[in-house]
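These are the residues of each chain, in order.
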Amino acid sequence: MLCPARMRVIVDGLSKTYRDRSGQDVVALDGIGLTVEPEEFVAILGPSGCGKSTLLNIVGGLLGATEGEVLFEGARPAGQPLTATVFQEFALFPWRTARGNVEFGLEELGLPAAERRDRATRFIAMTGLEGFEGKYPHQLSGGMRQRVGIARALAVEPAVLLMDEPFSALDAQTRTLMMEELLGIWERTRTSILYVTHNIQEAVYMADRVVVLSRRPGRVLEVVPVELKRPRHEGQMGEPGFVQASERIWGLIKSQAQAALVEERR
Amino acid sequence: MAVERVAAHDRAAFLRRADHRLLRVGALVGLLVLWEALTRVGWIPALFLPSPLGVIRELGEMAASGQLLVHLEASLRRLLLGFAFGAVAGVAVGVVTGFFSRAEAVGQPLIAATFPIPKIALLPLLILWLGLGEPSKVAVIALGVFFPMAINTYAGVREADPLLVRAAVAFGAGRWSVIRKVILPSALPMIFAGLKLGAGTALLLLVAAEMIAADSGIGFLVLHAGNIMDTTKLMVGIVCLSLLGVLSHWLLTRGERLAVPWRHTS
């Protein structure tokens, strides 16, 4: 196994302005600054319309910034990508089986077939997909599909794993199970994670730090550290550390969420 | 108010559709029996409408003498060559115009302007350019297949899910990888729909071309039999053409099931 990359992600003075359909400039992100340390689990949380997905897209190299930059700093073994993304809507290739999807990124890295197989097998096992390798995405449940999404992203062994509301398309029970599972995987791989969500419980349960963003324009309101022991488990959700962090975050975004509620359809 | 005790009943029953397998077969067989009966009774002279059994007998004789095979072979060669050229060119043009905006700007108006031309009207021009031999017939079929293929492939490419394209790029795919691994598989169902449309057009043009300038082929057989008032032979030609149509559609449907397995596995 390759030694994992140890890189710090630095988001520095990042702004994004785009033009909406009526030709008006909309500031989606305004002077965002944050870092993700190696092996750290950072959640980005904000009400809808705070540009958190935009931020993730810029970090993932799928979108350009208007101002500022994203830097990756540290040691990286040759051939390992900076980022890999787990998408909210899974974004699995319907014409590829679970295994085919997991191998996609490995093909693009130019790995030989034998190594692709080995690596895919490893991450299929890690994400609990054994026995489902040959299934097409439409034959899998939502939870299993997202396991494929996670395995596909982990298989390329990125310096940072980007997750864009990965469990928000799942039902509540499945989501809780998937959160536990993700934490388990993270304990083993220790890949740094930048995790976008609008769910406070999810963010506090999993992250080391929660970066709270404001509504349009998206600014960093506060970075809330979560003082909970690892490895984490459901029982901690009643602990004072959990409750305090959750209340702190809700206090920061409640008024903004209310504003979003009224203004949602423009 | 009157006290009632009413059972709920299924009011949507009339919306449910049954298969009626027997009726399907019965309609087909019934038509043939009716037709045979009408000719037997003598209400319709054999010159206008030969009996189905007579047509089958004639078909057997022509097959045995090898006469039918000569015509079939000539027709099939033209059909397959024209179909292959037209399909390959159509898919290529569809992918390129669907993916590259510059190619779209150049190609779309050209296709829109030339698509409505009835291709058979171009046969005299093609004969002038390519001669009376096979190339002009193959070319007119290829032209007829090209347009539905190019238009369908273009639509299929444009309909490719942008999320999947972004996912591919996120995992390191470049332009050609995206085309090969995302755009083409996405467009496959539309490409097969185009192939089915094209097969119908190809058959039409084959017969027309063979009636205008050929001394072999099923189209020639039909025209020639008509000229000498041999209606039974004429009907044999028509039966062959309809069998060709049914066969090509069946083959393409089978091919689609093989090529698009993610749509047909449950």
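Calculation rules
Counting from 1, residues in each chain are numbered in the order their sequence is written. Chain letters and ligand numbers both follow the written order, the letters beginning at A and the numbers at 1. Residue-level local features of this predicted model are given only where pLDDT is at least 70; pairs of side-chain atoms are given and counted only at 80 or more, and the full residue set underlies all totals for whole chains, interfaces and linings. Strands are runs of DSSP state E lasting at least 2 residues, helices are runs of H or I lasting at least 4, and numbering of each runs from the N terminus. For every residue pair, C-beta atoms are placed from the backbone, and the pair is scored as a contact if these atoms sit within 7 Å. Values of the radius of gyration come from C-alpha atoms, whereas the globule rule sets the reference at 2.2 Å times the count of residues to the power 0.38. Residues are called buried when their C-beta atom has 20 or more other C-beta atoms within 10 Å, exposed when it has 12 or fewer, and partly exposed otherwise; all C-beta atoms are positioned from the backbone. DSSP calls a pair of strands paired once it identifies at least 2 bridges connecting them. For every element, the axis is a line fit to its C-alpha atoms; helices are fit only across the contacting stretch, and the angle between N-to-C directions ranges from 0 to 180 degrees. Roughly parallel means an angle under 35 degrees; roughly antiparallel means over 145; roughly perpendicular covers 65 to 115; every other angle is labelled oblique. Two helices cross in a left-handed way if the nearer one is turned anticlockwise from the farther one by less than a right angle. They cross in a right-handed way if the turn is clockwise. Note that Gly is not counted as nonpolar here; it falls among the polar residues with everything else outside the nonpolar set of Ala, Val, Leu, Ile, Met, Phe, Trp, Tyr, Cys and Pro and the charged set of Asp, Glu, Lys and Arg. A residue's pLDDT is the confidence the predictor assigns to it, expressed on a 0 to 100 scale. Helices are assigned an expected span. That span is 1.5 Å times one less than the residue count.

A word on the overall build of chain B
Counting secondary structure elements, chain B contains 11 helices and 0 strands. Each principal axis of the C-alpha atoms in chain B carries an extent, and together these give about 85 × 70 × 35 Å. Sequence-distant contacts, at least 24 apart, represent 71% of the contacts inside chain B between residues at least 6 apart.

As for the overall build of chain A
Of the regular secondary structure elements, chain A holds 7 helices and 9 strands. A compact globule built from 266 residues should have a C-alpha radius of gyration of about 18 Å, and chain A, at 18 Å, falls within 12% of that. Dimensions along the principal axes, computed over C-alpha positions, put chain A at roughly 50 × 45 × 35 Å. Expressed as a percentage of its 266 residues, the buried residues of chain A come to 42%. A separation of at least 24 residues holds for 73% of the contacts in chain A among residues at least 6 apart in sequence.

Examining the sheet that holds strand 1 (residues 6–19) of chain A
Residues and elements named next belong to chain A. What the 3 strands build is an open sheet, ordered 2-1-4; its pairing is antiparallel. Of all strands in the sheet, those bounded by a partner on one side alone are strand 2 (25–36) and strand 4 (67–75). Averaged over all neighbouring strand pairs, the angle between strand axes comes to 10 degrees, with direction disregarded. Across the sheet, helix 1 (residues 52–59) is in contact with strand 1, strand 2 and strand 4; its angle to strand 1 comes to roughly 125 degrees.

Quick word on the pairing of strand 1 of chain A
All names here are of chain A. For strand 1 and strand 4, the ladder comprises 8 bridges, and the chain directions are antiparallel. Pairing of Asp12 across the sheet is with Glu69, part of strand 4. Where strand 1 and strand 2 come together, 8 bridges link them in antiparallel fashion. Bridging across to strand 2, Val11 finds its partner in Leu34.

Quick notes on the sheet that holds strand 6 (residues 160–164) of chain A
Residue and element names in this part refer to chain A. If you walk across this open sheet you meet the 6 strands as 5-6-7-3-8-9, and the pairing is mixed. Of all strands in the sheet, those with a lone pairing partner are strand 5 (83–86) and strand 9 (220–225), marking the two edges. Averaged over all neighbouring strand pairs, the angle between strand axes comes to 20 degrees, with direction disregarded. Those strands touched by helix 1 are strand 3 (41–45), strand 5, strand 6, strand 7 (192–197) and strand 8 (209–213), and its axis lies near 150 degrees from that of strand 7.

A few points about the interface of chain B and chain A
By convention, interface size is frequently given as the accessible area that disappears when the constituent parts associate. Opposite the 14 residues of chain B that make contact, chain A presents 19 residues. Put simply, the parts of the chain that give the side of chain B that touches chain A at least two residues each are helix 7 (162–170) and helix 8 (175–212) of chain B. The biggest single contributor to the side of chain B that touches chain A is helix 7 of chain B, with 6 residues.

Digging into the environment of Ala75(A)
With respect to the element layout, Ala75(A) can be found in strand 4. If we ignore the near neighbours within four places in the chain, the residues touching Ala75(A) are Ala5(A) and Arg6(A).

Structural notes on the packing of helix 2 (residues 98–108) of chain A against helix 4 (residues 142–155) of chain A
Residues and elements named next belong to chain A. Their axes nearest at 7 Å, the elements helix 2 and helix 4 cross at an angle of 25 degrees. With respect to helix 4, the axis of helix 2 lies roughly parallel. By crossing handedness, the relation of helix 2 to helix 4 is classed as right-handed. Residues Ala98, Asn101, Val102, Phe104, Gly105 and Leu106 of helix 2 pack against Val148, Ala151, Arg152 and Ala155 of helix 4. In the contact of helix 2 with helix 4, the residues fall into 7 nonpolar, 2 polar and 1 charged.

Structural notes on the packing of helix 3 (residues 67–99) of chain B against helix 8 of chain B
Residues and elements named next belong to chain B. Two elements in contact, helix 3 and helix 8, have axes separated by 8 Å at closest approach and are oriented at 145 degrees. Viewed along their axes, helix 3 and helix 8 form a crossing whose handedness is right-handed. Only Ile179, Ile183, Leu184, Ile191, Gly194, Leu195, Gly198, Ala199, Ala202, Leu206 and Glu210 of helix 8 make contact with helix 3, whose side of the interface consists of Ser75, Arg78, Leu79, Gly82, Phe83, Gly86, Ala87, Gly90, Val91, Val95 and Phe99.

Thoughts on unusual backbone geometry
A negative phi angle is the norm for most residues apart from glycine, just as the trans form is the norm for most peptide bonds. Residue and element names in this part refer to chain A. Arg230 connects to Pro231 through a cis peptide bond whose omega is -10 degrees. The backbone of Phe90 sits at a positive phi, close to 70 degrees, despite the residue not being glycine. Mapped onto the secondary structure, Phe90 falls in the loop between strand 5 and helix 2. The buried category is assigned to Phe90, around which 23 C-beta atoms lie within 10 Å. Phi at Arg190 is positive, roughly 55 degrees, even though this residue is not glycine. Position of Arg190 relative to the elements: it lies in the loop between helix 5 (172–189) and strand 7.

Regarding the environment of Leu184(B)
All names here are of chain B. Within the secondary structure layout, Leu184 lies in helix 8. Judged by C-beta crowding, with 18 C-beta atoms within 10 Å, Leu184 ranks as partly exposed. If near-sequence neighbours (up to four positions away) are discounted, Leu184 is found in contact with Val95 and Ile179.

Considerations on the confidence of the model for chain B
Detailed reading of the predicted model is not advised wherever pLDDT is low. Confidence in the prediction for chain B averages 92 pLDDT; 99% of positions are at 70 or higher. Taken over the whole predicted complex, pTM reads 0.85, whereas the ipTM for its chain interfaces reads 0.89.

A closer look at helix 10 (residues 231–259) of chain B
Since the α-helix turns once every 3.6 residues, residues separated by three or four places project in the same direction. All names here are of chain B. Taking 1.5 Å as the rise per residue, helix 10 with 29 residues should run 42 Å; its terminal C-alpha atoms sit 42 Å apart, in good agreement. Regarding helix 10, the residues found buried are Lys233, Leu234, Met235, Val236, Gly237, Cys240, Leu244 and Ser248. Residues of helix 10 that are buried make contact with helix 2 (52–65), helix 3, helix 8 and helix 9 (218–227).

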